[in-house]
Amino acid sequence: YFQVADILVLPETGRYGCSFKSGSLIAGMRYGLPVVSACGLLTSPALKHGENIVFADFGDVPKLERVLEPLVGRPDMRRRIGENARILTRDVTWGNTYVQYMHNIDR
């Protein structure tokens, strides 16, 4: 599916948002797709709107349209965000995610 996709849209609530615990998020980002999702309590500060992901409000259709329009019409923007996502997630593996998760539990 990723080979025929230009954008990966992962609707999430604005409360919790997307997180690196999502296999779909990581897979899409590692593939180099620009991802549109929501920012919330579980979202890593490493995810930066317009740099390596695009955050949207899925409860507000006009706002969602305004976020998607530039991505649809600008392949250069999709490539830049997708490449930055690929670079960011290069070292995101199940092992590294586990270690980070366990470290955060100990706090």
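In this report, we go over the structure that sits alongside the text. (Residues numbered from 1 in each chain as written. Predicted model: local features only at pLDDT ≥ 70, side-chain atom pairs only at ≥ 80, totals over all residues. Heavy atoms only, no water.)

1. Focus: the overall build of the protein chain
Of regular secondary structure, the protein chain possesses four helices and three strands. Along the chain direction, N to C, the helices and strands of the protein chain fall in the order β-α-β-β-α-α-α. The C-alpha radius of gyration computed for the protein chain amounts to 14 Å, which stays within 12% of the reference 13 Å derived for 107 residues, consistent with globular compactness. By its C-alpha atoms, the protein chain is 45 × 30 × 20 Å across when sized along the principal axes. The buried share among the 107 residues of the protein chain stands at 33%. Nonlocal contacts in the protein chain, meaning residues at least 24 apart in sequence, comprise 62% of its contacts between residues at least 6 apart. Total accessible area on the protein chain is roughly 6900 Å²; 56% of this is exposed by carbon and sulfur atoms. Between the mean site of the 13 positive side-chain charges and the mean site of the 11 negative ones, the protein chain shows a separation of 4 Å. (Helix = DSSP H or I, 4+ residues; strand = E, 2+ residues; numbered from the N terminus. Rg over C-alpha atoms; globule rule 2.2 N^0.38 Å. Buried < 20%, exposed > 50% of the residue type's maximum accessible area, 1.4 Å probe, protein only. Contact = heavy atoms within 4.5 Å. Areas by Shrake-Rupley, 256 points an atom, 1.4 Å probe, with all protein chains shown as cover. Lys, Arg positive; Asp, Glu negative; His and termini not counted. Charge placed at Lys NZ, Arg CZ, Asp CG, Glu CD.)

2. A word on the sheet that holds strand E2 (residues 35-37)
If you walk across this open sheet you meet the three strands as E1-E2-E3, and the pairing is parallel. Lying at the two open borders of the sheet, with one neighbouring strand each, are strand E1 (8-9) and strand E3 (54-55). Pairing geometry for E2 and E3, over two bridges, is parallel. Residue pairing across strands places Val36 opposite Val54, the latter belonging to E3. (Pairing = 2+ DSSP bridges.)

3. Considering the environment of Ala85
With respect to the element layout, Ala85 can be found in helix H3 (residues 75-88). The spacing of Ala85 and Lys48 is 37 residues in sequence and 9.6 Å in space, taken between C-alpha atoms. The contacts of Ala85, once residues within four sequence positions are left out, are Met29, Leu33 and Asn52.

4. Focus on the packing of helix H2 (residues 61-73) against H3
For the pair H2 and H3, interaxial distance at closest approach is 5 Å and the crossing angle is 100°. The angle between the axes of H2 and H3 places the two elements in the roughly perpendicular class. Every residue of H3 that contacts H2 at Pro70, Leu71, Val72 and Gly73 is listed here: Pro75, Met77, Arg78 and Ile81. (Axes fitted to C-alpha atoms, helices over the stretch in contact; angles between N-to-C directions. Parallel < 35°, antiparallel > 145°, perpendicular 65-115°, else oblique.)

Function cannot be read off these values alone, since they describe shape.
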